[in-house]
Amino acid sequence: MILILLGPPGAGKGTQAALVSKQAGVAHVATGDLFRENIRNQTELGIQAKAFVDKGALVPDELTVRMLLDRLDRPDTQKGVLLDGFPRTVEQARALDQALAKRGQTVDKVLYINVGEEEVVRRLAGRWTCRQCGAVYHQTFSPPKKPGVCDNCGGELYQRDDDKPETVRNRLGVYTRQTAPLIDYYKGQDKLLEVNGEKEADAVGKDLLEVAGLA
Ligand code: AP5
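Residues numbered from 1 in each chain as written. Predicted model: local features only at pLDDT ≥ 70, side-chain atom pairs only at ≥ 80, totals over all residues. Heavy atoms only, no water.

**Q** Quick rundown of the nonpolar core? Include the residues and the values.
**A** Counting 31 residues, the largest nonpolar core has Leu 83, Leu 96 and Tyr 186 as the members making the most contacts within it. Of all the elements in the fold, those that place two or more residues in this core are β1 (2–6), α2 (31–40), α3 (44–55), α4 (61–72), β3 (81–84), α5 (90–102), β4 (109–114) and α8 (181–188). Residue contributions to this core peak at 5 residues, all from α4. Setting aside residues no more than four positions away along its own chain, Tyr 186 makes contact with Ile 4, Pro 87, Ala 93, Leu 96, Val 110, Lys 191 and Leu 192. (Core = buried A, V, L, I, M, F, W, Y, C linked by side-chain atoms within 4.5 Å. Buried < 20%, exposed > 50% of the residue type's maximum accessible area, 1.4 Å probe, protein only. Helix = DSSP H or I, 4+ residues; strand = E, 2+ residues; numbered from the N terminus. Contact = heavy atoms within 4.5 Å.)

In structure tokens form, the structure reads like this:
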């Protein structure tokens with residue numbers, strides 16, 4: 001099964017991905033996490049991607065598509081995959097459709113988490129992420145039990161560089177111009193399933209499982 005989580009920065013894609021991928025029995029693949037891992041490890045891809053990620057711009061399609069297709073070749077994706085943060089442009093969506101067609105596969109469902117701009121800014125300003133396991137917290141909406149420490153693994157929590165207010169505004173502009181057209185792209189393929197992302201996280205998760213037929 002190939003599922004896509006679509007939505008603006010801060011919509012809650014990372015927050016919901018663990019639940020949805022577990023319920024569907026598929027691997028969770030987040031291109032943002034892959035870029036951050038490459039940047040941390042100072043790989044050649046990471047060095048090229050860093051300038052774009054730091055500004056809140058998209059990494060060029062060519063680099064991103066190559067990285068994603070390499071990731072899809074790993075054995076843990078055999079039962080399927082939940083893509084989080086990919087595709088981000090219509091070009092990426094077309095490249096994905098073509099690559100899947102060669103494997104006799106197709107995107108099954110696109111889960112779109114709809115959240116307005118004001119809420120996104122509030123969420124990203126308070127986000128804390130675990131350096132070790134990637135778990136996501138919010139200082140007000142879902143704080144960790146002990147400040148600065150991950151409940152799951154005891155790892156250190158940090159704030160992402162691209163969550164600075166001016167970078168968030170840039171990421172929102174990029175989303176509107178380059179990613180939002182995917183809503184119509186997948187509506188046209190009759191694959192788009194929309195949920196209201198402005199409810200509490202548990203309620204959004206419940207709605208996602210329901211629309212995806214995974215409840
Ligand atoms: P990426 O890491 O994908 O960032 P994003 O899409 O901007 O999404 P976020 O991770 O910021 O937000 P999210 O929706 O996962 O929200 P979260 O669950 O954390 O990409 C980063 C960069 O990498 C891009 O800018 C680009 O440069 C590059 N990149 C990645 N993919 C690319 C691609 N395909 N092509 C080109 N470049 C690419 O939640 C946010 C906060 O809200 C948290 O604090 C959370 O606790 C809280 N929260 C979540 N749900 C709720 C709720 N229901 N109520 C209250 N609070 C909530």
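**Q** Residues and numbers for unusual backbone geometry, please.
**A** The omega torsion of the bond from Phe 86 to Pro 87 falls at -5°, within 30 degrees of zero and hence cis. Mapped onto the elements, Pro 87 comes out in the loop between β3 and α5. Its identity is not glycine, yet Gln 42 carries a phi of approximately 50°, on the positive side. Tracing the backbone through its elements, the reader meets Gln 42 in the loop between α2 and α3.

**Q** Break down the layout of surface pockets for me, with residues and values.
**A** Estimates place the volume of the second largest pocket at around 320 Å³. Of all the secondary structure elements, the ones that give two or more residues to the lining of the second largest pocket are α2 and α3. Its residues placed into classes, the lining of the second largest pocket shows 3 nonpolar, 1 polar and 8 charged. (1 Å grid on protein atoms, 1.4 Å probe; cavity = no way out; pocket = protein on both sides within 12 Å on 5 of 7 lines; lining within 4 Å. Points joined across faces, edges and corners; volume = space filled by probe spheres on them. Nonpolar A, V, L, I, M, F, W, Y, C, P; charged D, E, K, R; others polar.)

**Q** If you had to explain α8 to someone new, which residues and values would you point to?
**A** The complete set of buried residues in α8 reads Leu 182, Ile 183, Tyr 185 and Tyr 186. Down the axis of α8, the sector holding all buried residues measures 165°, keeping them to one side. When the buried face of α8 is taken as reference, the exposed residues oriented beyond 90 degrees from it are Asp 184 and Gly 188. Among the residues trailing α8, Asp 190 stands out with phi positive, at a value near 60°. (Arc of directions from axis to C-beta.)

**Q** Give me α4: which residues, what numbers.
**A** Taking 1.5 Å per residue, 12 residues should reach 16 Å; α4 reaches 16 Å between its end C-alpha atoms and fits that length. Residues of α4 that are buried: Leu 63, Thr 64, Val 65, Met 67, Leu 68, Arg 71 and Leu 72. On its buried face, α4 is in contact with β2 (27–30), α2, α3, β3 and α5. (Expected span 1.5 Å × (residues − 1).)

**Q** Let's hear about the sheet that holds β1: which residues, and what values?
**A** Spatial ordering of the open sheet is given by β2-β3-β1-β4-β8, a layout of 5 strands whose pairing is parallel. Looking along the sheet, the strands with just one partner apiece sit at the ends: β2 and β8 (192–196). For this sheet the average axis-to-axis angle between neighbouring strands, irrespective of direction, equals 20°. By the bridge criterion, 4 bridges tie β1 to β3 in an arrangement that is parallel. What sits directly across from Ile 2, in β3, is Val 81. In the packing of helix α9 (residues 201–211) onto the sheet, contacts are made with β4 and β8, and the angle to β8 comes to roughly 160°. (Pairing = 2+ DSSP bridges. Axes fitted to C-alpha atoms, helices over the stretch in contact; angles between N-to-C directions.)

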